[in-house]
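# Working through the structure, step by step
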Amino acid sequence: MALRINPDVDPKTHPYISTGLKKSKFGIDISLAMEEYRVARELSHIDVVGVHQHIGSQITEIAPFVDSLAKMAGLIAELRNHGFAIKYLDVGGGLGITYKDEDPPVPRVFAEALIAVIKDLGCTIVLEPGRVIVGNAGVLVTKVLYNKRTPTKHFIVVDAGMNDLVRPSLYGSFHSILPARREKGRETVVADVVGPVCESGDFLAKDRSMPVPEPEELLVVMSAGAYGHTMSSNYNSRPRPPEILVKGDRWFTIRERESYEDLIRGERVPEL
Ligand SMILES: Cc1ncc(COP(=O)(O)O)c(C=O)c1O
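Residues numbered from 1 in each chain as written. Predicted model: local features only at pLDDT ≥ 70, side-chain atom pairs only at ≥ 80, totals over all residues. Heavy atoms only, no water.

This paragraph deals with the side chain of His229. Along the polypeptide, His229 turns up in the loop between β11 (218-221) and β12 (243-247). Side-chain polar atoms of His229 contact the backbone oxygen of Pro241, separated by 3.3 Å. When near neighbours in sequence (up to four residues on either side) are disregarded, His229 contacts Arg240, Pro241, Glu243 and Arg255. (Helix = DSSP H or I, 4+ residues; strand = E, 2+ residues; numbered from the N terminus. Polar contact = N/O pair within 3.5 Å; in protein donor to acceptor, adjacent residues only side chain to side chain. Contact = heavy atoms within 4.5 Å.)

So, in structure tokens, the structure goes:
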């Protein structure tokens, strides 16, 4: 086993996805690590072989990884001095992607920076990337229901909501939204793109400049491949949409659209 260590570094990302700060719930405080490794060593059936970190997600700078890994390297040296045969260093995930105008390091640059810090450790490196692999491989396609104009705002009401993609509501995240069919010369508007869920937090974009869409038109919510479907829910009794894999000009349903029966599957009415 490896212990997840909290290195107390600021990954400079959204607070909800920062996991390596002292105040975060994750990991073992690095100052207490040696004590916990000693406890682990006494356990029969447990082989203490590694050190693990995961400092956060959507990290767009190299420095937090380098700072954290320098601390891990120090800990590994200390552990080895105390007789622990540390063979694995799990560096976690966390590499960010471009949603809007972020310029995160590409994996090669990330790797070069990590190698500089950890190459002499002689450890097998374990990586846990998620978002950087799938984030920009997925989109959410939604249908425009109607345009609602109030005295102060223009709302584009669509059939996807916060239950389908919670990132904007949860973290205030930006997702680019494009019409599926691009047409030049359309009137543009500054609008909120909102779903049909009973919450004012049910939005996919706020104050976004976009072409005024027609009802029934499809909009594409970009960069929805990570923390999209997996964070979706059935809130407001909304069955979740299918997931479609597209390869070249072929497509496959890789997850069925949910039915109303799916929503109540597993529920029981007790005999009172
Ligand atoms: C322990 C751990 N490893 C890896 C990941 C993947 O992170 P990312 O998608 O930022 O690469 C997460 C995400 O929450 C995580 O908690």
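We now examine the sheet that holds strand β6 (residues 140-149). Judged by pairing direction, the sheet is mixed, and its 6 strands sit side by side in the order β8-β11-β6-β7-β9-β10 without closing on themselves. Here the strands that pair on one side only, and so sit at the sheet edges, are β8 (177-179) and β10 (203-211). Averaged over all neighbouring strand pairs, the angle between strand axes comes to 40 degrees, with direction disregarded. Note: β6 against strand β7 (residues 154-158), 5 bridges, orientation antiparallel. Across the sheet, the residue bridging to Tyr146 is Val157, located in β7. (Pairing = 2+ DSSP bridges. Axes fitted to C-alpha atoms, helices over the stretch in contact; angles between N-to-C directions.)

The subject of this paragraph is the site of the ligand. Surrounding the ligand, one finds Arg4, His54, Ser57, Gly93, Gly94, Glu128, Pro129, Gly130, Arg131 and Tyr227. Contacts to the ligand include Arg131, whose backbone N or O atom sits 2.8 Å from an oxygen atom. In the complex, 74% of the free accessible area of the ligand, which totals 400 Å², lies under the protein chains. When grouped by side-chain class, the residues that make up the shell around the ligand number 2 nonpolar, 5 polar and 3 charged. (Near = heavy atom within 4 Å. Areas by Shrake-Rupley, 256 points an atom, 1.4 Å probe, with all protein chains shown as cover. Nonpolar A, V, L, I, M, F, W, Y, C, P; charged D, E, K, R; others polar.)

Let us now look at the pairing of strand β9 (residues 188-194). Along any regular strand, the residues point their side chains to alternate faces of the sheet. Counting buried positions along β9 gives 5 out of 7 residues, so the element sits mostly inside the fold. As judged from the 3 bridges shared by β7 and β9, these two strands associate in the parallel manner. Its bridge partner being in β9, Val157 is matched across the sheet by Val194. In terms of strand pairing, β9 meets β10 through 6 bridges, oriented antiparallel. Looking at β10, one finds that Ala191 is bridged to Arg208. (Buried < 20%, exposed > 50% of the residue type's maximum accessible area, 1.4 Å probe, protein only.)

The next thing to look at is the domain arrangement of the protein chain. Domain annotation for the protein chain reports domain 1 (2-132) and domain 2 (138-264). Centre-to-centre, using C-alpha coordinates, domain 1 lies 35 Å away from domain 2. Counting residues at the interface gives 8 residues for domain 1 and 9 residues for domain 2. Around 820 Å² of area is buried between domain 1 and domain 2 when both sides are counted, 63% of it from carbon and sulfur atoms. Broken down residue by residue, the surface that domain 1 buries against domain 2 is led by Tyr16, Tyr99 and Arg131, which jointly contribute 60%. The interface formed by domain 1 and domain 2 holds 0 salt bridges in total. On the surface where domain 1 and domain 2 come into contact, there are 1 residue pair in polar contact (both at pLDDT 80 or more). (Domains from an automatic or database assignment. Buried area = accessible area lost by both parts, 1.4 Å probe. Salt bridge = Lys/Arg side-chain N within 4 Å of Asp/Glu carboxyl O.)

This part takes up the pattern of salt bridges. On inspection of all chains with the given rule, the structure shows 10 salt bridges. Here Lys153 makes a salt bridge to Asp192, at a shortest N to O gap of 3.3 Å. In this pair, Lys153 is assigned in the loop between β6 and β7 and Asp192 in strand β9, connecting sequence segments 39 residues apart. Under the relative-accessibility criterion, Lys153 is labelled partly exposed at 27%. It is possible to trace a salt-bridge network through shared partners that takes in Lys153, Asp192, Lys206 and Asp207.

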